[in-house]
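If you want the building blocks of each chain, they are given just below.
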Amino acid sequence: MRLAHCWILSVGVACLSVVCLRPQTSLGSDVYELAKRIDRHIDARLRSEEITPTDFVDHAAFLRRVTLDLAGRIPTQSELDDYLNAEPRDRKQRLVKRLIESPDFAYHQRNQLDILLLLRQEHNDKWREYLLEATRDNRPWDRLFREIMLPEESPSSDPRPVAFLKRRTNDLDAMTNDSSVTWFGVNVACAKCHDHPLVSDWTQAHYYGMAAFFQRTFQTRKGFIGERFDGRPKFTDENGEQQEAEFMFLTGTKVADPPLEFSEEELKQLNEQIKQAERDDKAEVPPRPDFRPRARLVELALSDDQQQFFARNITNRIWARFFGRGIVHPLDQMHSENPPSHPELLSELSDDLRESGYDLRRLIHAIVLSEPYARSVERASDAAPMPPELFAAAVPRPLSPRQLALSLRMVSIGPEKMLQWQSNEWEKQREQLERQADGLARSLVIPDDDEFQVPVSEALWFSNNQTIENDILNGSGDRLVGYLKTLESDSQLVSVAVKVILSREADDEETQAMATYLRSRTDRREQAIKQILWSLLGSPEFRFNH
């Protein structure tokens, strides 16, 4: 039985069918070699723990999983048919390559980076446009870091990268902790008022040392980001003594604050010029200081060869995106008292990322080719418990707001119209789908890293919102409902509905249950079709990537 039965048959979640899906042959690429290194690390730990992992998902389930993860949407019916009928040799590798090279990958990668960097605080079209350009170019992660943390170095005509800092310029705490969590996987908030009570790594000197790098940041009235010539945060230490923070990175590396080469009067004039620029959009942009703390922070982060917070953090976050859990977990607790589950694997992937020039696409490519990524969520009833940090079984992951909204838009379109799209310019259609999904995506809750429950607001939206009735389940000829109305065979109707929405064949029990329902509603066939589609859309099988 399938997850959809929670709604269709009210018998609860049951197992997905499984078929072994081992790679047929090596493509001979270094990406595939990296995937095999992932396999070896995960397998070695499983053997040491005497844990047998779950089987691999079947071909249809793998297609759905990887399409959601790389394209940010469910596969189309024709993509499903093509994949199931494809030449078995290297089928999975060719699918992954096609998806990674498709326009969808850049859009989905943009959407994921938006969630990581900004979307939990605001929706910003210009910022999203900037991110899309970056993901289309496969811009290296360290270059994005520089552009976003040092936006004043961007051409004056491109103010878009300022969004990350601009959102936080009036809140030093937020800028300090958000930057530390987002870029380095370290939450230093608990070390603000005292040394961290539970983690000896983090002291007040670390918190204020990081804050010092941002203390001088300001925003002009025109929206540019700049840095003042002086100023460091002051704090009261645990002994009650006043301290002036030093510029100190998380590794403990300090940067000296060079003496100013201005007279007090010259410094006063410069600070007054900055105040004018903050208040007046006609004021001139203040001069840039020679010593720029944020630039030094970027240098320290990228030259950290020992603890590698920058590389390990993004490696860990990318891993968690595809497995539902980080090698270091929680993701913002990267410190000595929370060691990685697979330290050698994390080091190897981080080193590879650095050596590849921070090529995130390459890292993602290798992860989805690995065997752990293709494992089923279902384990045998008599199997031993599988601690999640072993990655012996897949973890169902809730769809992001945009994955869900885009998939709903895809479902609403009739299969025949979809075929016309695929023969034309898909990228333009993808852009249109993104715009159509925008309103719904912005109203949905972004899932937390660890736990997710469908919020009441979302359940009410599915139950009562007119968008479902008038748009997603519209019965016009170019929509799915309209297409299903033309089918005379109930079994064919059920087959198409399940393939379009759940990306698999309906099993006998589902076919019988839905066909029986359709026969009992012959006087209201269109409404009956809508009810079936609505129940499939509301199922956990549709709501999660599994």
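The written sequence of each chain sets the order in which its residues are numbered from 1. Local features are withheld for residues below a pLDDT of 70 in this predicted model, meaning they are given only at 70 or higher, and side-chain atom pairs are given and counted only at 80 or more; totals for whole chains, interfaces and linings count all residues. Think of the side-chain values as coming from all heavy atoms in the structure, minus any hydrogens and water.

**Q** Any details on the overall build of the protein? Residues and values, ideally.
**A** Note on conventions: DSSP H or I runs of at least 4 residues are helices, E runs of at least 2 residues are strands, and numbering of each starts at the N terminus. A count of helices and strands for the protein gives 26 helices and 8 strands. The globule rule puts the C-alpha radius of gyration for 546 residues at 24 Å, and the 26 Å found for the protein is close to it. Once the C-alpha set of the protein is aligned to its principal axes, its extents read approximately 90 × 60 × 45 Å. A 1.4 Å probe rolled over the protein chains alone gives each residue an accessible area, and that area as a share of the maximum for its type sets the label: buried under 20%, exposed over 50%, partly exposed in between. Out of the 546 residues belonging to the protein, those deemed buried represent 54%. In the protein, once contacts between residues fewer than 6 apart in sequence are set aside, the share between residues at least 24 apart is 72%. Surface summary for the protein: the accessible area is close to 24,200 Å², and the carbon and sulfur share equals 46%. Where the 71 positive side-chain charges of the protein centre and where its 89 negative ones centre are 4 Å apart. Restricting the calculation to C-alpha atoms gives the radius of gyration, and the globule rule supplies 2.2 Å times the number of residues raised to the power 0.38. Note on contacts: a residue pair is in contact if any heavy atoms of the two residues lie within 4.5 Å. Using the Shrake-Rupley algorithm and a 1.4 Å probe, accessible areas are obtained, with residue cover drawn only from the displayed protein chains. Neither His nor the chain termini are counted; the positive set is Lys and Arg, and the negative set is Asp and Glu. Charge positions come from single atoms, namely NZ of Lys, CZ of Arg, CG of Asp or CD of Glu.

**Q** Could you give an account of the side chain of Arg375, with specific residues and numbers?
**A** Relative to the helices and strands, Arg375 is located in the loop between helix 16 (360–369) and strand 7 (397–398). With residues near it in sequence (within four places) discarded, Arg375 still touches Asp43, Pro53, Thr54, Asp55, Phe56, Val57, Arg65, Ala392 and Ala394.

**Q** Describe in detail the packing of helix 8 (residues 141–149) against helix 13 (residues 293–302), supporting the description with residues and values.
**A** Interaxial angles span 0 to 180 degrees and are taken between N-to-C directions of axes, which are lines fitted to C-alpha atoms, for helices over the stretch in contact. Their axes nearest at 10 Å, the elements helix 8 and helix 13 cross at an angle of 165°. With respect to helix 13, the axis of helix 8 lies roughly antiparallel. Here the hand of the crossing between helix 8 and helix 13 comes out right-handed. On helix 13, the residues touching Asp142, Phe145, Arg146 and Met149 of helix 8 are Arg294, Leu297, Val298, Ala301 and Leu302. Gly counts as polar in this scheme, as do all residues outside two lists: the nonpolar Ala, Val, Leu, Ile, Met, Phe, Trp, Tyr, Cys and Pro, and the charged Asp, Glu, Lys and Arg. Of the residues that constitute the contact of helix 8 with helix 13, the class distribution is 6 nonpolar, no polar and 3 charged. Note on angle classes: values under 35 degrees are labelled roughly parallel, values over 145 roughly antiparallel, values of 65 to 115 roughly perpendicular, and the remainder oblique. Crossing handedness follows the turn of the near helix against the far one: under a right angle anticlockwise gives a left-handed crossing, and clockwise gives a right-handed one.

**Q** Give a detailed account of the nonpolar core, specifying residues and quantitative values.
**A** To form a nonpolar core, buried Ala, Val, Leu, Ile, Met, Phe, Trp, Tyr and Cys residues must be joined to one another through side-chain atoms within 4.5 Å. Ranked by size, the top nonpolar core spans 99 residues in total, and within it Leu70, Trp141, Trp183, Phe184 and Trp319 carry the most contacts. No other element matches helix 14 (residues 309–323), which puts 8 residues into this core. The source of the domain bounds is an automatic or database domain assignment. In terms of domain composition, this core takes at least three residues from each of domain 1 (27–106 + 307–395) and domain 2 (154–302). Leaving out residues up to four positions away in the same chain, Trp319 has contacts with Ile38, Ile42, Arg325, Gly326, Ile327, Leu345, Leu349, Ile367 and Phe391. If you look at the next biggest cluster of nonpolar residues, it comprises 46 residues, including Leu406, Val411, Leu433 and Ile472.

**Q** Can you break down the packing of aromatic side chains residue by residue, with the values?
**A** Here a Phe, Tyr or Trp ring, Trp counted by its six-membered ring, pairs with any other such ring whose centre lies within 6.5 Å, and the pair is stacked when the planes are under 30 degrees apart, edge-to-face when over 60, and tilted otherwise. Per the stated rule, a full pass over the model turns up 24 aromatic pairs. The interplanar angle of 50° and the centroid separation of 6.1 Å between the aromatic rings of Trp202 and Phe309 together place this pair among those described as tilted. Placement of the pair is Trp202 in the loop between helix 10 (172–184) and helix 11 (204–215) and Phe309 in helix 14, with a sequence separation of 107 residues. Of the two residues, Trp202 and Phe309, neither departs from the other in class, the shared state being buried. Taking 5.0 Å as the distance between ring centres and 85° as the angle between the ring planes, the aromatic pair formed by Tyr207 and Tyr208 counts as edge-to-face. A relative accessible area of 3% places Tyr207 in the buried class. You can call Tyr208 buried: its relative accessible area is 12%. Site record: aromatic cluster; members linked through ring pairs are Trp141, Phe145, Phe164, Trp183, Phe184, Trp202, Phe249, Phe309, Phe310 and Tyr358.

**Q** Explain the pattern of salt bridges residue by residue, including any values.
**A** The term salt bridge refers to a side-chain nitrogen of Lys or Arg lying within 4 Å of a carboxyl oxygen of Asp or Glu. Under the defined criterion, the tally for this structure stands at 54 salt bridges. A salt bridge links Asp523 to Arg524, with the shortest nitrogen-to-oxygen separation between them at 3.8 Å. Owing to a relative accessible area of 47%, Arg524 belongs among the partly exposed residues under this scheme. Salt bridges sharing common partners tie together Arg73, Glu79, Arg98, Asp104, Arg110, Asp114, Arg128, Arg402, Arg430, Glu434, Asp438 and Arg442.

**Q** Quick rundown of the side chain of Glu147? Include the residues and the values.
**A** For Glu147, the position within the fold is in helix 8. Any N or O atom pair separated by 3.5 Å or less is treated as a polar contact, with the protein-specific requirement of one donor-capable and one acceptor-capable atom, and with residues adjacent in sequence counted only for side-chain atom pairs. At 2.8 Å, the side chain of Glu147 and the side chain of Arg143 are in polar contact.

**Q** Give a detailed account of helix 16, specifying residues and quantitative values.
**A** Across the 10 residues of helix 16, 9 count as buried, placing the element largely inside the fold. Within helix 16, the full set of buried residues consists of Leu360, Arg362, Leu363, Ile364, His365, Ala366, Ile367, Val368 and Leu369.

**Q** Go over the packing of helix 17 (residues 401–412) against helix 19 (residues 426–443), please, and point to the residues and values.
**A** Here helix 17 crosses helix 19 at 115°, and the two axes come no closer than 8 Å. When you trace helix 17 past helix 19, the crossing you get is right-handed. Contacts between helix 17 and helix 19 pair Pro401, Arg402, Ala405, Leu406, Leu408, Arg409 and Met410 from the former with Trp426, Arg430, Leu433, Glu434, Gln436, Ala437, Asp438, Leu440 and Ala441 from the latter.

**Q** Run through the confidence of the model for the protein, naming residues and quoting values.
**A** The share of residues in the protein with pLDDT of 70 or more is 93%, and the mean pLDDT across the chain is 90. Confidence scores here are pLDDT values: one per residue, from the predictor, ranging 0 to 100. Here residues 3–28 is a poorly scored stretch, pLDDT under 50, and it has 79 contacts once near neighbours within four places are set aside; other chains count.

**Q** Which residues make up the domain arrangement of the protein, and what values go with them?
**A** Domains assigned within the protein are domain 1 (27–106 + 307–395), domain 2 (154–302) and domain 3 (399–545). Of note, the centres of domain 1 and domain 3, computed from C-alpha atoms alone, are 28 Å apart. Between domain 1 and domain 3, the contact holds 22 residues from the first and 27 residues from the second. Throughout, the accessible surface (probe 1.4 Å) given up by two parts as they are put together, summed over both, is called the buried area. Both faces combined, the contact of domain 1 with domain 3 buries some 2,000 Å², and carbon together with sulfur accounts for 50% of it.

**Q** So what about the environment of Phe322? Which residues, and what values?
**A** With respect to the helices, strands and loops of the structure, Phe322 is situated in helix 14. As for Phe322 and Arg442, which are separated by 120 residues in sequence, their C-alpha atoms are 22 Å apart. Each residue touching Phe322, except ones within four places of it in the same chain, is listed here: Asp69, Leu70, Ile364, Ile367, Val368, Tyr373 and Arg397.

**Q** If you had to explain the state of the cysteines to someone new, which residues and values would you point to?
**A** When two cysteine sulfur atoms lie within 2.5 Å, the pair is treated as a disulfide. All told, the structure shown has 0 disulfides when counted by the stated rule. Just so you know, Cys190 is unpaired, no disulfide at all, and the nearest cysteine sulfur is the one on Cys193, 9.1 Å from it.

**Q** Provide a residue-level description of unusual backbone geometry, including the pertinent values.
**A** Cis rather than trans, the peptide bond between His329 and Pro330 has omega equal to -5°. Take Pro330: it is sitting in the loop between helix 14 and helix 15 (343–355). Here Glu50, not a glycine, exhibits a phi torsion of approximately 55°, which is positive. Along the chain, the position of Glu50 falls in the loop between helix 2 (30–49) and helix 3 (59–71). Classification of Glu50 by relative accessible area gives exposed; the value is 72%. If you check the backbone angles, Tyr358 has positive phi at about 55° while not being a glycine. With respect to the helices and strands, Tyr358 occurs in the loop between helix 15 and helix 16.

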